[in-house]
Amino acid sequence: MDLLSLILSGGAITILLSAMSIIVLTITVFKLIEQWRAGRWHKEQSVQVINFVAEKNIKAAKAITSASNHAVAKVLNAALEEMHTSEQTNTLPRQQGERMANAALFQINAYLRGLDVIASLAPLIGLLGTVIGMIEAFQGLQGAGMRADPAALAGGIWGALLTTAAGLVVAIPASALLSFFDGRVQKTQADIIDAFEGMLAAWQGSKASGVTEENRLEAITPTPIPQAEAVA
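All values reported here derive from a predicted model rather than from experimental measurement.

Caption draft 1: Broad picture of a nonpolar patch on the surface. Together, Leu25, Val29, Ile33 and Trp36 give the surface a local cluster of nonpolar side chains, amounting to about 460 Å² of exposed area. Secondary-structure assignment places Trp36 in helix α2 (residues 12-38).

Shown next, in the form of structure tokens:
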């Protein structure tokens, strides 16, 4: 018996579960492509950005964050934009960064609710199909009376149990994929908080120490060596 015949033998329940499995596959492919496009963000990059901010070298920090599509880079870049355009306190960078963090986390959480719903509902839908199939099988047995065919009863029970198996086949991968993507979301969220708070602390420290872009450039400009006066 091929897969199509197996699905059709389960009736509407297995067809519905097949549609749910296609949704799971679609969400998985979409999220994997999304993560591939975002690329990777290493902790060393966050450390470099924080060090540049501590030196008030905003342009160098922006060069790192602008080169990445990762959620951490987007959040840091949003705060750096505000730091670069005004010499305000950390209030505006924090507000801008928090808005971008909320948007980035919303994006990476997108469609994961669908996996959660399918992982929860698929076994229940399969169990519902089994219960309905068992009711139909015993109704047929009752109608047959003394002429009941054990083979027909076994076939009805087999078809009923098929929907439970189909529900588990859909729910188990959906649950595993949800755990995988949720773990990535939690790691990204932790990286955002760590990098963002570290950058704001560096920003506040540089302002408290009075470091400015001009002072930084003066500090790295070599002092000309005075020439010795000619001996008369």
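The structure having been displayed, the exposition proceeds.
Caption draft 2: Seen up close, the packing of aromatic side chains. According to the stated counting rule, one finds two aromatic pairs in the structure shown. A centroid spacing of 5.2 Å and a plane angle of 85 degrees characterise the contact between Phe30 and Tyr111, whose relative ring orientation is edge-to-face. Pair noted here: Phe30 is in helix α2 and Tyr111 is in the loop between α6 (91-109) and α7 (112-144), with a separation of 81 residues, a long-range link. Just above the ring of Trp203 sits the side chain of Lys56; from NZ or CZ to the centre is 4.6 Å.

Caption draft 3: Quick peek at the environment of Val169. Note on placement: Val169 falls in helix α8 (residues 150-208). Under the relative-accessibility criterion, Val169 is labelled exposed at 58%. For the pair Val169 and Ser18, spaced 151 residues apart in sequence, the C-alpha to C-alpha distance is 9.9 Å.

Thresholds applied
- Residues numbered from 1 in each chain as written.
- Predicted model: local features only at pLDDT ≥ 70, side-chain atom pairs only at ≥ 80, totals over all residues.
- Heavy atoms only, no water.
- Patch = residues over 30% accessible without salt bridge, like charges linked within 9 Å, V, L, I, M, F, W, Y side chains within 5 Å.
- Areas by Shrake-Rupley, 256 points an atom, 1.4 Å probe, with all protein chains shown as cover.
- Salt bridge = Lys/Arg side-chain N within 4 Å of Asp/Glu carboxyl O.
- Helix = DSSP H or I, 4+ residues; strand = E, 2+ residues; numbered from the N terminus.
- Phe/Tyr/Trp six-rings, centres within 6.5 Å; stacked < 30°, edge-to-face > 60°.
- Lys NZ or Arg CZ within 6 Å of the ring centre and 35° of its normal.
- Buried < 20%, exposed > 50% of the residue type's maximum accessible area, 1.4 Å probe, protein only.

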